[in-house]
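# Residue-level structure breakdown
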Protein chains: 2
Amino acid sequence: MTLPYLLSLPTHGSAATGWLTVAEAPSLPFEVKRTYWITQVPPAQVRGRHAHHTLEQLLVAAHGTVHLRIRVPGQAEPSCFCLSSPTQALYLPPHCWPEIEFEPGAVLLCLASAPYDAADYLHE
Amino acid sequence: MTLPYLLSLPTHGSAATGWLTVAEAPSLPFEVKRTYWITQVPPAQVRGRHAHHTLEQLLVAAHGTVHLRIRVPGQAEPSCFCLSSPTQALYLPPHCWPEIEFEPGAVLLCLASAPYDAADYLHE
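Counting restarts for each chain, with residues numbered from 1 along the sequence as it is written. Labels are handed out in written order, letters beginning with A for the chains and numbers beginning with 1 for the ligands. Owing to the predicted nature of the model, reporting of local features is limited to residues with pLDDT of at least 70; listing and counting of side-chain atom pairs is limited to 80 or more, with chain, interface and lining totals taken over all residues. Hydrogen atoms and water are omitted, and side-chain values are computed over all heavy atoms in the structure.

- The name an unreviewed UniProt entry assigns to chain A is WxcM-like domain-containing protein, from the organism Hymenobacter polaris.

Structure below.
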C-alpha cells in the first residue's frame with residue numbers, strides 16, 4: 001500500500017521576479033491526463049469524501065492554505081497534511097479517503113493520472 | 001494566423017460548495033503536456049516578453065487578476081486581456097508576445113502543449 005507523501009516541485013525565480021513552479025514528466029510520479037482546480041470553497045464546507053480505484057493525484061495549494069485529513073486503508077489514524085506552498089505537492093494514491101477544508105481564498109490545484117471516469121469513484 | 005482568444009472551461013459546483021473547473025481533452029484546443037504556475041510576482045514586474053515557435057498555451061488566473069498585453073504578428077496594436085476568473089482561459093498561440101502583469105496575490109496557471117524545450121523560445 002502506497003501512502004500519501006509530500007514532494008517539492010521544480011521552482012524557478014526570485015522574490016524580485018516571482019516564482020514559477022513546473023509540473024512535468026519525469027519529475028512527477030505519473031503522467032498527467034487531467035487538471036482541475038477548486039476555488040471559492042466556504043470555510044464550513046468539507047470536500048473530498050470519496051476515493052478512487054486506480055486514480056493517482058497530486059494536490060497543490062496554488063494559493064492560500066488547504067487542510068487534508070486522509071484515511072488510508074490499514075491505518076488506525078488518519079494522516080493530516082496542511083498545504084500552504086505552491087511549490088509543494090501532496091501525492092494521493094488510490095484507495096485513500098481525503099477530507100479537504102479550505103481557508104478563505106484558498107485554491108487547490110489537482111493533477112490527475114487519468115481522464116474523468118465515473119466508474120473509478122468509490123463513495124462508501 | 002490564429003489570434004489569442006478566451007474560452008470558458010467546464011465548471012461544476014455552487015456558491016455553497018465551491019467551484020471545480022476542469023481542463024481535460026476534448027474541451028481543450030490541444031493535449032496538455034506540461035503545467036506550470038506563476039506566483040508572488042511583485043506589482044512592478046512584467047513577465048512574459050518572449051514568444052514560441054510552436055508552443056500553444058492556455059492561461060488561467062487561478063486566483064486574483066492578471067493583465068496581458070499581447071503583440072500578434074501582423075497586428076498594428078497589441079491585444080489586451082484581463083484574466084480574473086478561474087473558469088476562463090486565454091488561448092495563446094505560437095508567435096505571440098505577451099507582457100504579463102500581476103495584481104497582488106494573483107496566481108497564473110499555464111497549460112502548455114509540449115514539454116519544456118529551450119529551442120522553442122523566441123527572445124527577440
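## A look at the relation of the copies chain B and chain A
- Placing chain B over chain A gives an RMSD of 0.0 Å and needs a rotation angle of 180 degrees, together with 0.0 Å of translation along the axis. The transformation just described matches what one would write down for a two-fold rotation axis. Considering only C-alpha atoms, the part of chain B nearest the rotation axis is H63 of chain B, at 3.5 Å.
- Any pair of residues with heavy atoms lying within 4.5 Å of one another is described as a contacting pair. By residue overlap, the copies meet face to face through one surface: 97% of the interface positions of chain B are interface positions in chain A. Least-squares superposition of the copies uses the C-alpha atoms of those residues scoring a pLDDT of at least 70 in each of them.

## Things to note about the interface of chain B and chain A
- Between chain B and chain A, the contact holds 34 residues from the first and 33 residues from the second.
- Between chain B and chain A, roughly 2800 Å² of surface is buried when both sides are summed, and carbon and sulfur atoms account for 55% of that area.
- Counted as salt bridges are all cases of a side-chain nitrogen of Lys or Arg within 4 Å of a carboxyl oxygen of Asp or Glu. At the junction of chain B with chain A, the criterion picks out zero salt bridges.
- Throughout this description, a polar contact denotes any pair of N or O atoms lying within 3.5 Å of each other; where both atoms belong to protein, one of them has to be capable of donating a hydrogen while the other can accept it, and for residues adjacent in sequence the pair is counted only when both atoms sit in side chains. Linking chain B to chain A there are 13 residue pairs in polar contact (both at pLDDT 80 or more).
- Counting from the N terminus, the helices are DSSP H or I runs at least four residues long and the strands are E runs at least two residues long. Secondary structure elements with two or more residues in the side of chain B that touches chain A: β3 (18-23), β4 (34-39), β7 (57-63) and β12 (107-112) of chain B.
- Charged means Asp, Glu, Lys or Arg here, nonpolar means Ala, Val, Leu, Ile, Met, Phe, Trp, Tyr, Cys or Pro, and polar covers whatever is left, Gly included. Split by residue class, the side of chain B that touches chain A holds 21 nonpolar, nine polar and four charged. Buried area, as used here, totals the accessible surface that two parts lose on assembly, with accessibility defined by a 1.4 Å probe and the loss added over both.

## A closer look at the sheet that holds strand β9 (residues 79-83) of chain A
- Note: two strands are recorded as paired if DSSP finds a minimum of 2 bridges between them. Strands sit in the order β5-β11-β8-β9 (chain A) across an open sheet of four strands; the sheet is antiparallel. Pairing within the sheet leaves two strands with one partner each, and these edge strands are β5 (47-48) and β9 of chain A.

## Here we look at the pattern of salt bridges
Residue and element names in this part refer to chain A.
- Following the criterion strictly, the structure yields four salt bridges over all chains and no others.
- Ionic pairing is found between R49 and E99, a salt bridge with its closest N-O pair at 3.5 Å. Of this pair, R49 sits in the loop between β5 and β6 (51-52) while E99 sits in strand β11 (residues 97-102); the two residues are 50 residues apart in sequence, bridging distant segments of the chain.
- The classification of residues rests on relative accessible area computed with a 1.4 Å probe and restricted to protein chains. Under 20% of the type maximum is buried, over 50% is exposed, and intermediate values are partly exposed. For R49, a relative accessible area of 48% translates into the label partly exposed.
- E99 gets classed as partly exposed once you look at its relative accessible area, which sits at 33%.

## Some thoughts on the nonpolar core
- Nonpolar core, defined: a set of buried Ala, Val, Leu, Ile, Met, Phe, Trp, Tyr and Cys residues in which side-chain atoms within 4.5 Å join the residues together. With 29 residues, the main nonpolar core has W37, L58 and L109 of chain A together with W37 and L58 of chain B as its most contacted residues.
- Elements with a minimum of two residues in this core: β7 (57-63), β10 (88-92) and β12 (107-112) of chain A together with β7, β10 (88-92) and β12 of chain B.
- If sequence neighbours within four positions are ignored, L58 of chain A has contacts with L7, L28, P29, F30, A89, L90, Y91, L109, C110 and L111 of chain A.

## Let's talk about the UniProt feature "domain: Sugar 3,4-ketoisomerase QdtA cupin" (unreviewed entry) in chain A
- The positions UniProt marks with the feature "domain: Sugar 3,4-ketoisomerase QdtA cupin" (unreviewed entry) are residues 8-123 of chain A.
- The span residues 8-123 of chain A carries 0% helix and 50% strand; its end-to-end C-alpha distance comes to 30 Å. UniProt positions are given in the numbering used here, feature names are shortened, and annotations may be inferred rather than shown by experiment.

## So, the sheet that holds strand β2 (residues 11-14) of chain B
- Strand order in the open sheet made by the seven strands is β1(A)-β10(A)-β7(A)-β12(A)-β4(A)-β3(B)-β2(B), with antiparallel pairing throughout. The two strands at the open ends of the sheet, each matched to only one other strand, are β1 (5-8) of chain A together with β2 of chain B. Taking the axes of each pair of neighbouring strands and ignoring which way they run, one obtains an average angle of 20 degrees across the sheet. Here an axis means a line fitted to C-alpha atoms, over the contact stretch when the element is a helix, while the angle between two N-to-C directions is reported on a 0 to 180 degree scale.

## Focus on the environment of L6 of chain A
All names here are of chain A.
- Of note, L6 is situated in strand β1.
- Here L6 falls in the partly exposed class, since its relative accessible area comes to 39%.
- Counting along the chain gives 85 residues from L6 to Y91, while the straight-line C-alpha distance between them is 6.1 Å.
- Contacts of L6, omitting those with residues within four sequence positions, involve F81, L83, Q88, A89 and L90.

## Here we look at the environment of V41 of chain B
- Within the secondary structure, V41 of chain B is located in the loop between β4 and β5 (47-48).
- Since its relative accessible area comes to 6%, V41 of chain B is described here as buried.
- Spatially, the C-alpha atoms of V41 of chain B and E103 of chain B are 8.2 Å apart, while their sequence positions differ by 62 residues.
- Contacts of V41 of chain B, omitting those with residues within four sequence positions, involve T17 and G18 of chain A together with R47 and F102 of chain B.

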